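# Overview (structure and organization)
Given next are the chains, with one letter for each unit.
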Amino acid sequence: MMWIFLLSDTFIFSCFLLSYMTVRMSTTVPWPNPSKVFALTIGGTTIPLILIAIMTFILISSSGTMAMAVNFGYRHDRVKSAALMLVTAAFGATFVGMQGFEWTKLIMEGVRPWGNPWGADQFGSSFFMITGFHGTHVTIGVIFLIIVSRKVLRGDFDREARGFFTSRKGYYEIVEIMGLYWHFVDLVWVFIFALFYLW
Amino acid sequence: MAQAAAHVEGQQHPIKLYLVVWGWLFVLSTCSYLVDYFGLHGYLRWSLILLFMILKAGLIVAVFMHMAWERLALMYAILIPPVLVLVFVGIMVFESNYTLFTRIIFFGAGT
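Overview of the structure. This one's a predicted model, so the numbers in the text were calculated from it and none came from an experiment.

Cut-offs applied
- Residues numbered from 1 in each chain as written.
- Chains lettered and ligands numbered in written order.
- Predicted model: local features only at pLDDT ≥ 70, side-chain atom pairs only at ≥ 80, totals over all residues.
- Heavy atoms only, no water.
- Helix = DSSP H or I, 4+ residues; strand = E, 2+ residues; numbered from the N terminus.
- Buried < 20%, exposed > 50% of the residue type's maximum accessible area, 1.4 Å probe, protein only.
- Contact = heavy atoms within 4.5 Å.
- Areas by Shrake-Rupley, 256 points an atom, 1.4 Å probe, with all protein chains shown as cover.
- Lys, Arg positive; Asp, Glu negative; His and termini not counted.
- Charge placed at Lys NZ, Arg CZ, Asp CG, Glu CD.
- 1 Å grid on protein atoms, 1.4 Å probe; cavity = no way out; pocket = protein on both sides within 12 Å on 5 of 7 lines; lining within 4 Å.
- Points joined across faces, edges and corners; volume = space filled by probe spheres on them.
- Nonpolar A, V, L, I, M, F, W, Y, C, P; charged D, E, K, R; others polar.
- Buried area = accessible area lost by both parts, 1.4 Å probe.
- Polar contact = N/O pair within 3.5 Å; in protein donor to acceptor, adjacent residues only side chain to side chain.
- Expected span 1.5 Å × (residues − 1).
- Phe/Tyr/Trp six-rings, centres within 6.5 Å; stacked < 30°, edge-to-face > 60°.
- Core = buried A, V, L, I, M, F, W, Y, C linked by side-chain atoms within 4.5 Å.

When helices and strands are counted, chain A shows seven helices and two strands. Of the regular secondary structure in chain A, the N- to C-terminal order runs α-α-β-β-α-α-α-α-α. Along the longest, intermediate and shortest principal axes, the C-alpha atoms of chain A span 60 × 40 × 20 Å. Counting across all 199 residues of chain A, residues that qualify as buried make up 55%. Looking at chain A alone, contacts between residues at least 24 apart form 71% of all its contacts between residues at least 6 apart. Of the roughly 8,500 Å² of accessible surface on chain A, 70% is carried by carbon and sulfur atoms. The averaged location of the 11 negative side-chain charges in chain A is 5 Å from the averaged location of its 14 positive side-chain charges.

If you want it as structure tokens, here you go:
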């Protein structure tokens, strides 16, 4: 079932990226240069896209820890699995925090969904829509990571305890499903990073 | 033997595999960042970006999401529909070129 959900989610993000492509291709006004827009000045030197690069590395690291959490989950290693999931959640929260910082910075510089100081008006709406939806996915993922890691730590899946909402027996498969969702979020970021930030 | 198999459920891969993939993802991300850092332009930039993107996506889907060990029916069911999105991309490229064309014709360029 998670795969079906992920497929539908793929189409949602495809539509966002497609509409971004369409407005970018059809506008007569030059598109703002993302390399300059997302540059950050650290200690006097301006480094292009550095914050986005750090965010990318953080999300990839969180995917790595999540993959290992799934592995330890299958081995019924409760403590390691839960700890790795919490590390993943911490990485995810850091990512959302940095995204919040990025949004704040851009809004202070005058980027709005209907306009911005550097070029095509559609830049703002595409940016807020795409990264906003992605950030929402990350946030939901962090919340569920914390819930699942608590269940793992408590041993719910060893006792096959019944779920609160579904009242179905819990297995360690939940960890794998959680992993699928989390890797998908990372996957979407790969596409956003390439098509929105680097293009 | 049967009991041991029943106890260890699901996928069992050495942790090293995940660490290697993780390392590769770091390398590929660094490469795609360097494309921007060195300011490459034109077709070289776009093809490199797309290459690194597809490699990263492939690694994540195949190894982290365990797609490589799934049955073939699921692979096709999940991977074919997103590929068909490319048709949609083609349609919208036509559409936006036409929109751009009419905008230039009727509103004048660069307004």
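Residues and elements named next belong to chain A. Applying the stated criterion across every chain, the model contains two cavities of 30 Å³ or more. Each pocket or cavity is described by its volume, and for the largest cavity that value is around 60 Å³. In terms of lining, the largest cavity is formed by Val37, Phe38, Ala39, Leu40, Leu51, Ile52, Phe101, Glu102, Lys105 and Leu106. Looking at the lining of the largest cavity, the elements with two or more residues in it are α3 (50–74) and α4 (78–108). Top element by residues in the lining of the largest cavity is α4. It accounts for four residues. Among the residues forming the lining of the largest cavity, the class breakdown is eight nonpolar, no polar and two charged. Estimates place the volume of the second largest cavity at around 30 Å³.

Before going further, it helps to examine the interface of chain B and chain A. On the side of chain A, 50 residues touch chain B, which itself brings 51 residues to the contact. Carbon and sulfur atoms supply 74% of the area buried between chain B and chain A, which totals about 4,600 Å² over both sides. Across the contact surface, chain B and chain A share eight residue pairs in polar contact (both at pLDDT 80 or more). Those elements that place two or more of their residues in the side of chain B that touches chain A are α2 (15–37), α3 (42–64) and α4 (72–107) of chain B. With 16 residues, the single largest contributor to the side of chain B that touches chain A is α4 of chain B. Class assignment for the residues of the side of chain B that touches chain A results in 31 nonpolar, 14 polar and six charged.

Here the focus is the layout of surface pockets. Within this model, the largest pocket holds a volume of roughly 1,600 Å³. If you list the elements that add at least two residues to the lining of the largest pocket, you get α1 (2–26), α2 (34–37) and α7 (173–198) of chain A together with α3 and α4 of chain B. Considering every element that reaches the lining of the largest pocket, the biggest residue donor is α1 of chain A, with 12 residues. Here the lining of the largest pocket is built from residues that sort into 37 nonpolar, nine polar and three charged. Approximately 1,200 Å³ is the volume found for the second largest pocket. Contributing to the lining of the second largest pocket are 35 residues, with Met2, Glu173, Ile174, Ile177 and Met178 of chain A lying nearest its centre. Broken down by element, the residue count for the lining of the second largest pocket peaks at seven residues, all from α7 of chain A. Class assignment for the residues of the lining of the second largest pocket results in 21 nonpolar, five polar and nine charged.

What follows covers α2 of chain B. Taking 1.5 Å per residue as the helical rise, α2 of chain B with its 23 residues ought to reach 33 Å, and the 33 Å between its terminal C-alpha atoms agrees with that figure. Listing the buried residues of α2 of chain B in full gives Ile15, Tyr18, Val21, Trp22, Leu25, Leu28, Ser29, Ser32, Tyr33, Val35 and Asp36 of chain B. Each element contacted by the buried residues of α2 of chain B is listed here: α2, β2 (45–47), α3 and α7 of chain A together with α3 of chain B.

It is worth spelling out the packing of aromatic side chains at this point. Residue and element names in this part refer to chain A. Taken as a whole and assessed by the stated rule, the structure comprises 26 aromatic pairs over all chains. Here the aromatic rings of Phe38 and Phe123 are separated by 6.2 Å at their centres, their planes lie at 45°, and the arrangement is tilted. Of this pair, Phe38 sits in the loop between α2 and β1 (40–42) while Phe123 sits in helix α5 (residues 122–154); the two residues are 85 residues apart in sequence, bridging distant segments of the chain. Phe123 shares its class with Phe38; the two are buried. Taken together through their ring pairs, the aromatic side chains of Tyr20, Trp31, Phe38, Phe95, Trp103, Phe123, Phe127, Phe128, Trp189, Phe196 and Tyr197 make up a single cluster.

Within the largest apolar cluster, 83 residues are counted, with the highest numbers of intra-cluster contacts made by Phe38, Val175, Trp189, Phe196 and Tyr197 of chain A. Residue assignment for this core shows that the elements contributing at least two residues are α1, α3, α4, α5 and α7 of chain A together with α2, α3 and α4 of chain B. For this core, the element with the highest residue contribution is α7 of chain A, accounting for 17 residues. Non-local contacts of Tyr197 of chain A, meaning those with residues more than four positions away in its chain, are made with Pro34, Phe38, Leu49, Ile52, Glu102, Phe127, Thr131, Trp189 and Ile192 of chain A.

So far we have only geometry, and geometry alone does not tell us how the molecule works.
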